[in-house]
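Below are the chains, spelled out letter by letter.
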Amino acid sequence: MSTAETKSNFIRQIIDADLESGRHTRVVTRFPPEPNGYLHIGHAKSICLNFGLARDYGGTCHLRMDDTNPETEEEEYIEAIKNDVSWLGFEWGEKLFHASDFFEQMYQLAVGLIRDGKAYVDHLTPEEISEYRGTVREPARPSPYRDRSVDENLDLFTRMRAGEFPDGHCVLRAKGDLASPNMKLRDPLLYRIRKASHPRTGDTWCIYPMYDYAHPLEDAFEHITHSICTLEFENNRDIYDWVLDNTPVPARPHQYEFARLNVGYTVLSKRKLLQLVNEKHVAGWDDPRMPTIAGMRRRGFTPEAIRNFCDLIGVAKANSFVDIGKLEFCLREDLNLRSPRYMAVLDPIEVELVGWAADRVTMIDAPLWPEDVGRPGTRPLPLGGRVFIEREDFEQTPPKGFKRLSPGAAVRLRYGPVIRCDEVLRDETGRVVKLRCAVFEGDAAEAPRVEGTIHWVPAHAAVPAEVRLYDRLFSVEKPDADTSGRDWLTLLNPENLVVVRGALVEPALAALGPGQHVQLERTGYFYTDPKDTRPGAPVFNRVVTLRDSWAKRATVAASPAPSVVRPAATAAADTGKAARKSRTTLRAEARAAEPALAARYDRYLALGLSAEDADVLTGAQDVGDLFEAALSVYGNATSIARWVVNEVLGAAKDAPLSTLALDAAGLAGLVRMVDAGDISNLAGKEVLAELVEKGGTAVEIVERRGLRQVNDAAALGALVEAVIAAHPDHVARYKAGNAGLLGFLTGAAVRQSGGKANPQQVRALLEAALAG
RNA sequence: UGGGGCGUCGUCUAACGGCAGGACGCGGGACUUUGGAUCCUUGCGGUGUAGGUUCGAAUCCUACCGCCCCAGCCA
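Presented here is a report on the structure given in the accompanying data block. This structure is a prediction, so every number in the text was calculated from the model and none was measured.

1. Here we look at the packing of helix α11 (residues 303–313) against helix α12 (residues 324–338)
Running from N to C, α11 and α12 cross one another at 140°; their axes reach a closest spacing of 9 Å. By the angle between their axes, α11 is oblique relative to α12. Note that α11 runs across α12; the crossing there is right-handed. Residues Glu 304, Ala 305, Asn 308, Phe 309, Leu 312 and Ile 313 of α11 touch α12, and the partners they reach there are Lys 326, Leu 327, Phe 329, Cys 330, Leu 331, Glu 333, Asp 334 and Arg 338.

Written out as structure tokens, the structure is:
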């Protein structure tokens, strides 16, 4: 029931472009978990993305264990990961890899880097390395070992591999850029010594590659085309590229980053999840309260619901926080179709049906499925003289709108007769122990009208069962962002699991085996625990509650509407500390350092340019050069300035202007034609795009592409008529008051003319034509 | 603070100079032997701020504001 067609996202756009340009002819992605913990819902997003891309583009997705750190990685995790990915419904076929498969090749490439003088063995201690690295403001200092000879480095590296040095004695480092503002590039570590046994390679290695070195190589060896990771690796992309550019690899993958998943009331950091397990705050990695795939599986989530959730939330680069309600929605949507309905009473009150013959039992054929699911099937449901109902379905003094039982009121027993509460029996503490109710069977004319239906179980045939009510793990929405200073563990929800041992279920449920989904009517979706369910003794895990408009109303009524006063985004309160150095200040500095630029600035102001344009044009030599050169060909300073500032800079996208095919004469010619009305602004931009791309002259491009502006009233009139005829709906909506549609219709007309029609005139003609 | 990213309904996400759309949520309605199933909904609600360019700006230019990431021998 996966919904609709696949949503567009920025990664799909990149792939589309790569396929179209021929950069790639197929798509190969990978999901590269480190086997140092169990997979969680955040990984599910990545799995669905990577495998989904491969599926949709007819490519392949590799499963790769990123096992470069033997100290934290274990075989148990490797198996769990494989199990979870395949349970989610994805197949990697033959394409199972391990980073450790490539250790020898990685080593050889490292030797190559040393030979090329691009890597060295460093003996600085970790503390010293950190110290030498500098800060974001100050550059790094070179390690005293940075310049030793290739031969010495080769010898040392060989001995590192041979196990001659203890852990931490030395590392292999790349010769990066010590002054780089990107800290990751300041001589990144490539190899460290770890005399630990590796789950796959055992003791054959005692040096292990670092992520930043290993990952790009793994991608290249596997011929990955699109290497997709999360946002926090953006800074690592520079080393990713460095490694691939400095080693002879068989392919050239590229890294793209997307926003990782965040959801409320849980944590998704492996460190914290591990701590929850180790310190026994939960019963293990597969505890149903855990956000792990294993935990969700045991709780009763389905792969379909999780996949659907991942489709629903999309993929983008903005940090986001997904409402857990979306997951619950996906769960209910899926579970509705696969969960037969039954009844169970969690907190029973006995009800005596007054007048019911002592040993009379009627069998009810109760449907397993509601009408909308439309599946056949019933289960036998016996009704005798005593039943149990839910304690919360009775109120001595019902609040307004209460549709359940209260003294003198009547309800229908689900699938059964109507009952009216005539007598309430209590114990000495005042607790209700029994209700005596009149029964109205069949179409009894005297039956009271009822508004509510409640669930029940027959007292004589009820079966005791254990019910585990799972709730959100934490009691605050963002335990990771808690600023109260409390330890995050104190934020655990004390009621994240409530075990109900006195629950009573209808007899048909007694035979349920492990791993079955049911809906306990009016209570929620449940799953028989796959580990603890015994023959005849089901254990029910609550997967998710049902939507509950009454509970919602009740809560709202109870809490006196806390009129949420949100601190209005403090309007430009200049309390804000100095922003980062802006481009203006950068340009001002450039002018201060270079008198020629400063002189230009004054001259441009004298030419009549705005201060802003003059500023932008004089921040760098090349921008001003282009402006001046174009100006010498065509003398309208403001027009040239406008095109340089607003259009050329946009087209350049921060690249130096010298990388553009555009020359000053081309630009000047273009601006001249626009000013003269030979071509429209729109066409002008089209011409500029080609000039930037391929160079040439504006006149030639205009003639070749036939972009000369059409100003002829008759031709434009015909065009307008045609557009009006072609879009009757839009015209009607425009006339009904949707003014925004004038833009749409103008656009349609201009587009139909191939960008040649004079847009002002088109718009005016349209407006006039539609006014009548 | 140097650098790298990101700001669109309450939340998530589209729109690539031309109708701000979808989903969850919220509200309203239908139906009802699940208040909680299910269905309908032309209902609510948004382009961080301020300028500029353009016939037309969420989109291009400029400035400002805010948030995230980077100084592990983790990944």
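2. Observations concerning the pattern of salt bridges
Enumeration according to the criterion identifies 64 salt bridges in this entry. Measuring nitrogen to oxygen at the nearest pair gives 2.7 Å for the salt bridge that ties Arg 64 to Asp 219. Taken together, the residues Arg 64 in strand β2 (residues 60–65) and Asp 219 in helix α7 (residues 211–221) connect sequence positions 155 residues apart. In terms of burial, Arg 64 and Asp 219 fall into one category: buried. Each of Asp 286, Arg 298, Glu 466, Arg 468, Arg 501, Asp 529, Lys 531 and Asp 532 takes part in a single network of salt bridges with overlapping partners.

3. Here we look at the packing of helix α22 (residues 713–726) against helix α24 (residues 741–752)
The geometry of a pair of packed helices is captured by two quantities: the angle between their axes and the separation between those axes. At a minimum axis distance of 10 Å, the contact between α22 and α24 shows a crossing angle of 120°. Judged by the inter-axis angle, α22 sits oblique to α24. Handedness of the crossing formed by α22 with α24: right-handed. Residue-level contacts link Leu 719, Ala 722 and Val 723 of α22 to Leu 745, Ala 748, Ala 749 and Gln 752 of α24. In terms of residue class, the contact of α22 with α24 is built from six nonpolar, one polar and no charged.

4. Digging into the sheet that holds strand β23 (residues 517–520)
Pairing is mixed in the open sheet, where seven strands are placed in the order β10-β23-β24-β25-β21-β22-β11. Each edge of the sheet is formed by a strand with only one pairing partner; in this case those strands are β10 (341–342) and β11 (344–345). Of the strand pairs in this sheet, β10 and β23 are connected by two bridges, and their pairing is parallel. Within β23, the residue paired with Arg 341 across the bridge is Gln 519.

5. What about the packing of aromatic side chains?
Any two aromatic rings considered together are summarised by their centre-to-centre distance and by the angle between their planes. For the coordinates displayed, the defined rule picks out 15 aromatic pairs. Between Tyr 107 and Phe 157, the ring centres sit 4.8 Å apart and the planes meet at 15°, which makes this aromatic pair stacked. In this pair, Tyr 107 sits in helix α4 (residues 103–115) while Phe 157 sits in helix α6 (residues 150–162), placing the two residues 50 residues apart along the sequence. Just as Tyr 107 is buried, Phe 157 falls in that class too. Positioned over the ring face of Trp 369 is Arg 375, at 4.0 Å from the centre of the ring.

6. Describing the side chain of His 226
Here His 226 is to be found in strand β8 (residues 226–230). Excluding residues that lie within four positions of it along the chain, His 226 makes contacts with Ile 14, Ile 15, Asp 18, His 24, Val 27, Val 28, Thr 29, His 254 and Tyr 256.

7. Quick look at unusual backbone geometry
The phi angle of most residues is negative, glycine excepted, and most peptide bonds adopt the trans form. In this structure, Tyr 265 takes a positive phi of about 60° despite not being glycine. Along the polypeptide, Tyr 265 turns up in the loop between β9 (254–258) and α9 (270–278). The phi angle at Lys 280 is positive, at roughly 60°, despite the residue not being glycine. Inspection of the secondary structure puts Lys 280 in the loop between α9 and α10 (293–299).

What counts and how
Counting from 1, residues in each chain are numbered in the order their sequence is written. Key to labels: chains lettered from A, ligands numbered from 1, both in the order written. Thresholds applied to this predicted model are a pLDDT of at least 70 for local features of residues and 80 or more for the giving and counting of side-chain atom pairs; totals over whole chains, interfaces and linings are not thresholded and use all residues. Excluding hydrogens and water, the side-chain values take into account all heavy atoms of the structure. With axes taken as lines fitted to C-alpha atoms, and helix axes fitted only over the stretch in contact, angles between N-to-C directions fall between 0 and 180 degrees. Starting at the N terminus, helices and strands are each numbered in turn, a helix being any DSSP run of H or I of at least four residues and a strand any DSSP run of E of at least two. For classification, angles of less than 35 degrees are called roughly parallel, those exceeding 145 degrees roughly antiparallel, those between 65 and 115 degrees roughly perpendicular, and all remaining angles oblique. Note on convention: the crossing is left-handed when the near helix lies turned anticlockwise from the far helix by less than a right angle, right-handed when the turn is clockwise. We call two residues contacting when some pair of their heavy atoms lies within 4.5 Å. For this document, the term salt bridge refers to a Lys or Arg side-chain nitrogen within 4 Å of an Asp or Glu carboxyl oxygen. Relative accessibility under 20% of the residue-type maximum defines a buried residue, over 50% an exposed one, and the middle range a partly exposed one, all with a 1.4 Å probe and only protein chains included. The classification used treats Ala, Val, Leu, Ile, Met, Phe, Trp, Tyr, Cys and Pro as nonpolar, Asp, Glu, Lys and Arg as charged, and all other residues, Gly among them, as polar. For two strands to be treated as a pair, DSSP must find at least two bridges joining them. Between 30 and 60 degrees the pair is tilted, below 30 it is stacked and above 60 it is edge-to-face, where a pair is any two Phe, Tyr or Trp rings, Trp via its six-membered ring, whose centres lie within 6.5 Å. Each ring is checked for a lysine NZ or an arginine CZ that lies within 6 Å of its centre and within 35 degrees of its normal; such an atom marks a charge sitting over the ring.

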